[in-house]
Amino acid sequence: MGLLKKIRINSVILVMTFLLQGCIMFGQNFAYNSFVPGELWKDNKGTHINAHGGGILFKNDTYFWFGEHKGSTNNAQVGVKVYSSKDLYNWKDEGVALSVSKDPDSEITAGSVMERPKVVFNEKTGKYVMWFHLELKGQGYEAARTGVAVSEHVTGPYQYLKSFRPNAGLWPENFKEDWRQPKPGLDSLRWHSDPWHEALKKGYFVRRDFEKGQMARDMTVFVDDDGTAYHIHSSEENQTLHISELTDDYLDFTGKYVRVQPDGQNEAPAIFKYQDTYYMITSDLTGWRPNAARSFKADSVLGPWKPLGNPVRGTEEDKKRTFSSQSTFILPVQGKNGAFIFMADRWRPEDPIDGRYIWLPVHFEEGKPVLKWYDEWDLDFFDQKENE
Ligand code: GAL
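This write-up is about the structure you can find in this document. (Residues numbered from 1 in each chain as written. Predicted model: local features only at pLDDT ≥ 70, side-chain atom pairs only at ≥ 80, totals over all residues. Heavy atoms only, no water.)

1. With respect to the nonpolar core
Phase 1 of the analysis: Counting residues in hydrophobic clusters, the biggest one holds 41 residues, and the most contacted among them are Trp65, Leu88, Trp91, Ile341 and Trp359.
Phase 2 of the analysis: Only β2 (62-68), β13 (267-274), β14 (277-283), β17 (326-332), β18 (340-346), β19 (356-365) and α5 (380-387) provide two or more residues apiece to this core.
Phase 3 of the analysis: Not counting residues up to four positions away in its chain, the partners in contact with Trp359 are Phe35, Pro37, Trp41, Ile56, Trp65, Leu88, Trp91, Ile341, Phe342, Met343 and Trp377.
Phase 4 of the analysis: Judged by nonpolar contacts, the second largest core, of 23 residues, contains Ala76, Phe121, Met130 and Phe132. (Core = buried A, V, L, I, M, F, W, Y, C linked by side-chain atoms within 4.5 Å. Buried < 20%, exposed > 50% of the residue type's maximum accessible area, 1.4 Å probe, protein only. Helix = DSSP H or I, 4+ residues; strand = E, 2+ residues; numbered from the N terminus. Contact = heavy atoms within 4.5 Å.)

Printed below as a string of structure tokens:
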């Protein structure tokens, strides 16, 4: 065989190998180049992405999407999954970042509930820190704890450190002196009655949980430009948000915290910062059933937060149900000024693994973040916006 022919055959083999690898990489013979909210979203293996209640960290020129692995029930049987992507459309399965424990005595034993994991990178320690909402096995949603894990590598494995109810023995910064005194007789109030709402606003649950620490359920973590990180969670029986400062290494709470919207029933907090203003989108409190989102803004993460109303623009149904989804994170798109993606979950409690992802671009109207439905869209949206 002539040398030229040999080279040609070798080149053909090489190209075919590349193509084959490409097919295997994407488990299907295509790559995504748009977002299609609510549809199945396949990873590089051709499997629907399993990262519910997720959040994204951008590091090493790559996006890392962390989220709850779900099976046929909501209990954690696997742990927190992580996927990577360069373009936000195509995601590679990077395995399990934080694994449930086989030890039945572990707080994160299989069968516990691990929700809404969020990972941040600590510049000072060079470590990746994961916070998540933890419910202990067999206790429903009674434990209401926050859990923390750490890793030297972005994709893990993360080492579980501890879980707790935060801010034990500490009053919020914005808590009146008089509210700190015991107020007997409130335990007999009928839940959701007017006097109960009144007592709640004046710190009934904060006082009740003062010794053992404040309840921590739906949560997120936000790192400000100065490197200070904040843990934002639904507390006080999900009736009030708490925003707490984290320590320099992000592994603990400093003890400085505020109440936000007492008696506001906000869950699923997602925060972002744009032009020196902080914005937050949350949901109402109806479990897995979708409800109307809320939005807020503030000049400081610790507030005060000003309500901006329902961010959804669209049909009444869209507004009432936030496109049948619940917020989880707001992602700043790298390299595009003012480009943010609202990430939400369309839960399927009867088959949690089939939960869908709703990603939509954030618009700004009169200084308010606004969400509109798109059947399909891509990142060019943000360039067109800039040219408007
Ligand atoms: C939702 C919450 C989810 C999950 C669920 C359990 O309100 O946002 O993360 O905790 O309740 O019912």
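2. Remarks on unusual backbone geometry
Phase 1 of the analysis: Each neighbour pair has its own omega, and for Gly156 with Pro157 the value is 5 degrees, a cis peptide bond.
Phase 2 of the analysis: Among the structural elements, Pro157 can be located in the loop between β7 (145-151) and β8 (159-164).
Phase 3 of the analysis: Pro304 follows Gly303 through a cis peptide bond whose omega is 5 degrees.
Phase 4 of the analysis: Position of Pro304 relative to the elements: it lies in the loop between β15 (294-298) and β16 (306-309).
Phase 5 of the analysis: Here His192, not a glycine, exhibits a phi torsion of approximately 70 degrees, which is positive.
Phase 6 of the analysis: The topology assignment puts His192 in the loop between β8 and α2 (194-201).
Phase 7 of the analysis: One non-glycine residue, Ala268, adopts positive backbone phi at about 50 degrees.

3. Quick notes on the pairing of strand β4 (residues 92-99)
Phase 1 of the analysis: In the sheet, strand β3 (residues 79-85) pairs with β4 via 5 bridges, with the strands oriented antiparallel. Of the residues in β4, the one forming a bridge with Lys81 is Val96.
Phase 2 of the analysis: Hairpin connection from β3 to β4: 6 residues lie between these consecutive antiparallel strands, with Leu88 at a positive phi of about 75 degrees. (Pairing = 2+ DSSP bridges.)

4. A few points about the sheet that holds strand β1 (residues 52-59)
Phase 1 of the analysis: Spatially, β1-β2-β3-β4 is the arrangement adopted by the 4 strands of the open sheet, whose pairing is antiparallel. Sheet topology places β1 and β4 at the edges, where each strand pairs with a single neighbour. Taken pair by pair, the neighbouring strands of this sheet meet at an average axis angle of 25 degrees, ignoring direction. (Axes fitted to C-alpha atoms, helices over the stretch in contact; angles between N-to-C directions.)

5. Describing α2
Phase 1 of the analysis: Buried within α2 we find Trp196, His197, Ala199 and Leu200. Projection of α2 onto a plane perpendicular to its axis shows the buried side chains occupying an angular sector of 165 degrees, all on one side.
Phase 2 of the analysis: On its buried side, α2 packs onto α3 (204-208), β11 (240-246) and β12 (253-260).
Phase 3 of the analysis: Gly203 occupies a position one or two residues after α2 and carries a positive phi of about 90 degrees. (Arc of directions from axis to C-beta.)

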